[in-house]
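Okay, here's what each chain looks like letter by letter:
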Amino acid sequence: MNGLNTILIVLGLFLAGGVYSFHKQKMTMSVIVLLAIGSAMCLAAGVLRIQGIWE
């Protein structure tokens, strides 16, 4: 696993934590949805790069 995979996965987990935190703080739903989409995209990109599907 190279550095970019690690960065993508860590960033995705960080954003997922932000989704949880923003939900607890009762932030607007649009902010939570955008953060969740960004988190999912980072995690998916990291996993696909690990599997060698997307390089």
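Above this text is the structure in question.
Here is a short report on the structure shown in this document. Predicted model, so just to flag it, every value in this text is computed and none were measured. (Residues numbered from 1 in each chain as written. Predicted model: local features only at pLDDT ≥ 70, side-chain atom pairs only at ≥ 80, totals over all residues. Heavy atoms only, no water.)

### Considerations on the overall build of the chain
Here's step 1: Looking only at helices and strands, one finds two helices and zero strands in the chain.
Here's step 2: Taken along the three principal axes of its C-alpha coordinates, the chain extends 40 × 15 × 10 Å.
Here's step 3: A buried classification covers 22% of the 55 residues belonging to the chain.
Here's step 4: Within the chain, contacts between residues separated by at least 24 positions form 60% of all contacts whose residues are at least 6 apart in sequence.
Here's step 5: Just so you have it, the chain exposes about 4000 Å², and 75% of that area is on carbon and sulfur atoms. (Helix = DSSP H or I, 4+ residues; strand = E, 2+ residues; numbered from the N terminus. Buried < 20%, exposed > 50% of the residue type's maximum accessible area, 1.4 Å probe, protein only. Contact = heavy atoms within 4.5 Å. Areas by Shrake-Rupley, 256 points an atom, 1.4 Å probe, with all protein chains shown as cover.)

### Quick look at the nonpolar core
Here's step 1: L15, V19, I32, L35 and C42 form the largest nonpolar core, which has five residues in total.
Here's step 2: At the level of secondary structure, the elements contributing two or more residues to this core comprise α1 (3-24) and α2 (29-51).
Here's step 3: Examining the composition of this core, we find that three residues originate from one element, α2, more than from any other.
Here's step 4: Apart from the residues lying within four places of it in its own chain, the contact partners of C42 are L8, L11, G12 and L15. (Core = buried A, V, L, I, M, F, W, Y, C linked by side-chain atoms within 4.5 Å.)

### As for unusual backbone geometry
Across residues other than glycine, the phi torsion is negative in most instances, and most of the peptide bonds are trans.
Here's step 1: Of note, K26 is a non-glycine position whose phi angle comes to about 60°, a positive value.
Here's step 2: The topology assignment puts K26 in the loop between α1 and α2.
Here's step 3: Residue classification places K26 among the exposed positions, given a relative accessible area of 71%.

### Points about α1
Here's step 1: Helix length check: α1 (22 residues) gives 32 Å between terminal C-alpha atoms against 32 Å at 1.5 Å per residue, within 8%.
Here's step 2: Positive backbone phi, at 60°, marks K26, one or two positions downstream of α1. (Expected span 1.5 Å × (residues − 1).)

### Here's the deal with the environment of A40
Here's step 1: Within the secondary structure, A40 is located in helix α2.
Here's step 2: The class for A40 is partly exposed, based on a relative accessible area of 45%.
Here's step 3: Sequence separation of A40 and L13 is 27 residues, and the distance between their C-alpha atoms is 9.0 Å.

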